[in-house]
Amino acid sequence: MKSRTYRVVPRIPETLGDLKKIAENTWWCWNRKAIELFRSMDQDLWEVTHHNPTLLLGRISQIRLEELAGDPVFLSEMNEVSGRMNEYLHRPTWFEKHHSQTLNKGEVIAYFSAEFGLHESLPIYSGGLGVLAGDTLKSTSDLGLPVVGVSILYRLGYFNQYLNSDGWQQESYSVNDYSNMPVERVKDSNGNAVTIVVPMGAERVLAAIWRIKVGRVKLFLLDTNLPENTPENRDITGQLYGGDKEMRIRQEILLGAGGIMALRAMGLTPVVRHINEGHSGFLIVEMMAHYIETGLSFPEAREMVTAGNVFTTHTPVPAGNEEFHNDLVLRYLRPYLDRVGLNNQTFLKYGSQSSSPNFSMTVFALNFSRKANGVSRLHGEVSRNIWRNVWPRLPETEIPVGYVTNGVHESTWISGEIRRLLQKYVGSTSPKNPEDENFWHKISRIPDSELWRAHERLRARLVGYARRRWANQLETMGIRGLPQQNMPVLNPDALTIGFARRFATYKRASLLLSDLDRLTELLNNSSRPIQVVFAGKAHPHDNGGKDLIREIFHASLSKELYGKLVYLSDYNMDMARHMVHGVDVWLNTPRIPMEASGTSGMKAAMNGIPHCSVLDGWWAEGYRPDRGWAIGNGETYEDSAVQDRIEAKALYDLLENMIAPLFHDRGNGGIPTGWTAMMKQSMHMALSEFNTNRMVAEYTGNYYMPALSFARSLGVNNMEGAKELANWKEAVREKWQGITIAGVEPLEMSDTLTVGDSIEVSAKLRAPGLSAEDLSVEAQFGEASGDDWLSGRTSTVLKFSREEDGMLLFNGSIPCMEAGRFGFTVRVLPAHPKYGRVVEPGLVHWWE
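Residues numbered from 1 in each chain as written. Predicted model: local features only at pLDDT ≥ 70, side-chain atom pairs only at ≥ 80, totals over all residues. Heavy atoms only, no water.

J.: In this structure, what is going on with the overall build of the chain? I would like to understand it.
T.: The helix and strand inventory of the chain stands at 27 helices and 29 strands. The C-alpha radius of gyration computed for the chain amounts to 29 Å, which stays within 12% of the reference 29 Å derived for 848 residues, consistent with globular compactness. Each principal axis of the C-alpha distribution contributes one length, and for the chain these read about 95 × 70 × 50 Å. Within the chain, the proportion of its 848 residues that are buried is 58%. Sequence-distant contacts, at least 24 apart, represent 73% of the contacts inside the chain between residues at least 6 apart. Counting only carbon and sulfur atoms, one obtains 48% of the accessible surface of the chain, whose full area is about 34,700 Å². Charged side chains of the chain number 90 positive and 99 negative; the gap between the two group centres comes to 5 Å. (Helix = DSSP H or I, 4+ residues; strand = E, 2+ residues; numbered from the N terminus. Rg over C-alpha atoms; globule rule 2.2 N^0.38 Å. Buried < 20%, exposed > 50% of the residue type's maximum accessible area, 1.4 Å probe, protein only. Contact = heavy atoms within 4.5 Å. Areas by Shrake-Rupley, 256 points an atom, 1.4 Å probe, with all protein chains shown as cover. Lys, Arg positive; Asp, Glu negative; His and termini not counted. Charge placed at Lys NZ, Arg CZ, Asp CG, Glu CD.)

Now the structure itself:
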């Protein structure tokens, strides 16, 4: 018997037409009024649909819709939300006001990321990288940047987590139903779906383009699950971070090269391209091929591509820096390399590290990006150390990798209770100028009693949520009849510690369990009760992370800790909101310096939750004693076991002697005024310094606009600038080895100088075939160590004086600014008369 399925959806009354418009733009997910509007339609269905307005509107009963259509209060609330969205989409923006260098029609800043975490109802993210990308897009919308996002529409997304009866992580996958998500196929002016063909080795893969509205900006997603493709190629957009290396390289070619093709197919020109982690690095080969096909040589095309690329590295962990075997890269990139016209070895050197047979996506992106950065101040330092071999002979401090510290989107992560307090006593949750830190000083006006009562409500809400999740979790695992299961789970009045993140081993989730006897004593203190809520997923292939989950879950079932320590499975953005709103302390215990930034603690701090962490990632910048607690002083250890033992003890001491006493020290009215003072400082810190509006403004001023300006200067008059710069560099490289620093003389220099004196320096160079205009001659000075190595270096440019007997003479002075033992040296770098100093691998000479 044959049958045919069909779908019946409710008929939306005409008076409720704005509901669909609101649901189609994910702006709703960071607007509290919009969320409450959908929740009020059917609270139970709202939970069943995982807070998905599109699915809600497809499942709600026709009777309920008719009721709402005749409810004047609901219609008034809907009209208010619709008006707010319309005003948001059309009001003047920060970008328009502060950056007159606007883009031309069709030009965009393209933000490429393998994942975007906008909301739990759009499960195309795995964790921190994706949530950061989602928060970034929201802030580009808030500030009015001409940005588009580019990613992949994963049919199965990331996995759903559950535990077996032994507490071992298991994975399951749910098929994403695009018809019930706020995504739509991109169509041309004739109504035909836009597709692209992406070469991958000997195959040509067809990809569709989908679009999500994120406030003012668009997120474009590529999809290969099309009947025209082979089953293997349909699976390219199956799982996020799934499959073997062949699957990963095909996904990354689709994301990078395919993403550029998709933008062009829609009539968009990505004048600036933000490569958010190395996954999208293959956009470089498509951009190179495009420019070469317009008539540029490889060096000229490289100048154009590099000028407009911004690259962000997100982790010092080797597994996070994608590598592919050279043979795999050559096989799959063959169509692009043929268009570029490079031989294999020449291409591979741009992604090579010493004698490794692997192609590093991070090295590749660094070699083709004018601007690069880490994601915190400390991570910038760590990245310069890790990747220093890309620029041999440069001091580590001058490796061209800066930093932009991550942030989080305040409108997404601030609870309703805290938002109301901010609106009442500060006036807003978003200053007009994202770089205005003084805006948040009014937080001190919030009365302690109001702040504490608001937080108590949030903690009670978390406890209720955790109890429901825990009970369902044990039932699903088949765990029944334990004597301790009759005990209450979590205490709404106890000091609640939160730990929720990806369960990678370097994050040391079980550090708190290092001494179970002492932990048991702390958690069972009747006068100062403490409890802990854990959550987070391990990568499906990370058995070490899964072991940590099992260890913590086993501890949570023990008679001594039951009800005071819980592990909640299937962590997602909804659970994250409950935790960063409701815990009292956010705990973070990575192994220094493996945490590039971390953002979960920022989300908690915005809600007045103090941070307790080792001094790694963002906390190395954010920590002050009035904002939270530091585990140790930023030390690193050769013996990890020794480190764990020392830092576990330090954590227990903090909990016992500082954190618990401060929390439980109640004054008149039962308010812990010392604690609320720390809550306010945490809020002020996070809202002023660690928000994505500040972060996006920093990217705009220091990365996007300079990249745009430089790319435009190279592109004028049929890319004459790129041709000029490439030809000049080629000429400089040919003659570079002929440069010698013939002599350096400090004129009339004494062995002992006084603060305020200066040293006059003269340098003589031989530079056959090059002029003084081609060179930047610099004196570098700094504090001299025992082996005469210079630290804390500062550079001063020596000015060209004259040419004499085939020598170029340069003079300058070095100031003596403070007492101590110092030294200086001289170096030479290329410098283009128009485009300035050039920092490239191999192009530096030092005074030997």
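J.: Please clarify how helix α27 (residues 692–736) should be interpreted in this entry.
T.: What sets the pattern is the α-helix's 3.6 residues per turn: residues three or four places apart point alike. With 45 residues, α27 should reach 66 Å at 1.5 Å per residue; the first-to-last C-alpha distance of 43 Å falls well below that figure. At N717, α27 is deflected by roughly 125°, the largest bend along its length. Capping the start of α27, N691 holds a side-chain oxygen 3.1 Å from the backbone nitrogen of N693, two or three residues further along. (Expected span 1.5 Å × (residues − 1). Bend = angle between axes of the 7 residues up to and from the residue. Polar contact = N/O pair within 3.5 Å; in protein donor to acceptor, adjacent residues only side chain to side chain.)

J.: Would you take a moment to explain the sheet that holds strand β16 (residues 530–535) for this structure?
T.: Strands in a sheet are paired, the pairing made by backbone hydrogen bonds, and the direction either parallel or antiparallel. Reading across from one edge, β17-β16-β15-β18-β19-β20 is the order of the six strands in this open sheet, with parallel pairing throughout. Two strands close off the open sheet at either side, each with one partner strand: β17 (565–568) and β20 (628–630). Strand-to-strand twist in this sheet, taken as the mean axis angle between neighbours without regard to direction, amounts to 20°. Two strands pair when backbone bridges link them, and strand β15 (residues 495–500) and strand β18 (residues 585–588) are joined in this way by two bridges, in the parallel orientation. Looking across to β18, one finds that G498 is bridged to W586. Against the sheet, helix α19 (residues 448–477) contacts β15, β16 and β17, and its axis sits at roughly 70° relative to β17. (Pairing = 2+ DSSP bridges. Axes fitted to C-alpha atoms, helices over the stretch in contact; angles between N-to-C directions.)

J.: For this particular structure, what's the right way to read the packing of aromatic side chains?
T.: What describes a pair of aromatic rings is the distance from one ring centre to the other and the angle between the planes of the rings. Overall, the coordinates contain 34 aromatic pairs when judged by the stated rule. Summarising the aromatic geometry, the rings of F439 and W440 are spaced 4.9 Å apart at their centres and angled 85° between planes, so their arrangement reads as edge-to-face. Here the aromatic cluster, defined as three or more aromatic residues joined through ring pairs, consists of F282, F298, F324, F347, Y350, F359, F364 and F368. One cation-aromatic arrangement involves R370 over F710; the distance from NZ or CZ to the ring centre is 3.6 Å. The cationic tip of K537 hangs over the ring face of F159; the distance from NZ or CZ to the ring centre is 4.9 Å. (Phe/Tyr/Trp six-rings, centres within 6.5 Å; stacked < 30°, edge-to-face > 60°. Lys NZ or Arg CZ within 6 Å of the ring centre and 35° of its normal.)

J.: Whenever I open this one, helix α2 (residues 32–41) confuses me. Can you help?
T.: Those residues of α2 that fall on the buried side of the exposure criterion are A34, I35, L37, F38 and M41. The arc enclosing the buried residues of α2, seen along the axis, measures out at 155°, which places them on a common side. In the core, the buried residues of α2 are packed alongside α1 (17–23), α3 (43–48), α4 (53–59), α5 (62–69) and α6 (72–90). (Arc of directions from axis to C-beta.)

J.: Honestly, the side chain of D584 in this entry has me stumped. Any pointers?
T.: Along the chain, D584 turns up in the loop between α22 (573–582) and β18. At a separation of 3.0 Å, a polar atom in the side chain of D584 contacts the side chain of R459. Ignoring sequence-local partners within four residues, the contact set of D584 consists of H455, R459, A494, L495, T496, I609, P610, F663 and W675.

J.: Any chance you could explain the packing of helix α8 (residues 128–143) against α27 here in plain terms?
T.: When two helices pack together, their arrangement is captured by the angle between the axes and the distance separating the axes. Where α8 meets α27, the closest approach of the two axes is 9 Å, and the angle between their N-to-C directions is 75°. Relative to α27, the element α8 is oriented roughly perpendicular. Packed against α8, whose contacting residues are L132, D135, T136, S139, T140, D142 and L143, the element α27 presents T692, N693, M695, V696 and A697 at the interface. Grouping the amino acids of the contact of α8 with α27 by side-chain chemistry returns five nonpolar, five polar and two charged. (Parallel < 35°, antiparallel > 145°, perpendicular 65-115°, else oblique. Nonpolar A, V, L, I, M, F, W, Y, C, P; charged D, E, K, R; others polar.)

J.: Which parts of the structure should I look at to understand unusual backbone geometry?
T.: Most peptide bonds adopt trans geometry, and most residues besides glycine take a negative phi value. Put simply, I592 and P593 share a cis peptide bond, and its omega is 5°. At L490, a position not held by glycine, the phi torsion is positive, near 65°. Relative to the helices and strands, L490 resides in the loop between α19 and β15.

J.: Explain the environment of D142 to me, please; I cannot follow it from the model alone.
T.: You can see D142 is positioned in helix α8. A residue is classified by how much of its surface remains accessible, and D142, at 14% relative accessible area, is buried. Distance in space between the C-alpha atoms of D142 and T754 is 53 Å, their sequence separation being 612 residues. For D142, the residues in contact, after removing those within four places along its chain, are W30, Y88, R216, H409 and N693. Of note is the side chain of D142, whose polar atom sits 2.6 Å from the side chain of Y88. A polar atom in the side chain of D142 sits 2.7 Å from the side chain of H409.

J.: For this particular structure, what's the right way to read a negative patch on the surface?
T.: The grouping of D515, D517, E521 and E560 at the surface amounts to a negative patch. With respect to the helices and strands, the residue E521 is situated in helix α20 (residues 516–523). For E521, a relative accessible area of 57% corresponds to the exposed category. (Patch = residues over 30% accessible without salt bridge, like charges linked within 9 Å, V, L, I, M, F, W, Y side chains within 5 Å. Salt bridge = Lys/Arg side-chain N within 4 Å of Asp/Glu carboxyl O.)

J.: Which parts of the structure should I look at to understand the environment of Q780?
T.: Mapped onto the elements of the fold, Q780 is located in strand β23 (residues 775–784). Remark: the alpha-carbon pair of Q780 and T496, spanning 284 residues in sequence, is separated by 52 Å. Once you skip the residues sitting within four places of it in the chain, Q780 turns out to touch P395, E398, L790, R793, T794, S795, G823, F824, T825, R827 and W846.

J.: What is the right way to read the pairing of strand β9 (residues 269–276) from this model?
T.: Consecutive side chains along a regular strand alternate between the two faces of the sheet. Taken across its eight residues, β9 has seven buried, putting it largely inside the fold. As paired elements, β9 and strand β10 (residues 309–312) share four bridges and run parallel to each other. Its bridge partner lying in β10, R273 is registered against N309.

J.: What exactly am I supposed to notice about the nonpolar core here?
T.: One broad rule of soluble globular proteins: the nonpolar side chains tend to lie buried together. Counting residues in hydrophobic clusters, the biggest one holds 181 residues, and the most contacted among them are M41, I253, F282, F347, Y704 and L775. Ranked by residues supplied to this core, first place goes to α27 with 18 residues. Look past the residues within four positions of F347 in its chain and what remains in contact with it is V285, V329, L333, L337, L342, F359 and F364. (Core = buried A, V, L, I, M, F, W, Y, C linked by side-chain atoms within 4.5 Å.)

J.: Please clarify how the environment of A576 should be interpreted in this entry.
T.: Mapped onto the secondary structure, A576 falls in helix α22. Residue A576 is classed as buried on the basis of its relative accessible area of 6%. Taking the C-alpha atoms as reference points, A576 and R501, 75 residues apart in sequence, are found 9.2 Å from one another. Ignoring sequence-local partners within four residues, the contact set of A576 consists of W413 and Y571.

J.: Explain the pattern of salt bridges here, please?
T.: Proximity of charged atoms lets side chains of opposite charge pair with each other. One pass over the full model with this rule turns up 49 salt bridges. For E286, the salt bridge is made with R339, and the minimal N-O distance between the two is 2.9 Å. You can see E286 sitting in helix α11 (residues 283–293) and its partner R339 sitting in helix α13 (residues 326–340), a full 53 residues away along the chain. Looking at E286, the relative accessible area reads 4%, which means it is buried. Among the salt bridges present, the one from R550 reaches D547, with a minimum N-O distance of 2.9 Å. Residue R550 and its partner D547 are both found in helix α21 (residues 543–557); the two are separated by three residues, about one turn of the helix. One network of salt bridges, in which partners are shared, links R264, E286, E293 and R339.

J.: What am I meant to see in the side chain of Q531 here?
T.: Mapped onto the elements of the fold, Q531 is located in strand β16. A polar atom in the side chain of Q531 sits 2.7 Å from the backbone nitrogen of N491. One polar contact links Q531 to T496, side chain to side chain, over a distance of 2.9 Å. The residues contacting Q531, other than those within four sequence positions of it, are V463, L490, N491, A494, L495, T496, I497 and K564.

J.: Even after reading the chapter, I still don't get the pairing of strand β26 (residues 807–815), so can you show me in this structure?
T.: With eight bridges joining them, strand β22 (residues 758–766) and β26 adopt antiparallel strand pairing. When the sheet's bridge partners are listed, E760 is paired in β26 with S813. Pairing of strand β25 (residues 799–804) with β26, which is carried by five bridges, proceeds in the antiparallel orientation. Looking across to β26, one finds that E804 is bridged to M807. Linkage of β25 to β26, two consecutive antiparallel strands, is achieved through a turn of two residues, within which D805 is found at a positive phi near 55°.

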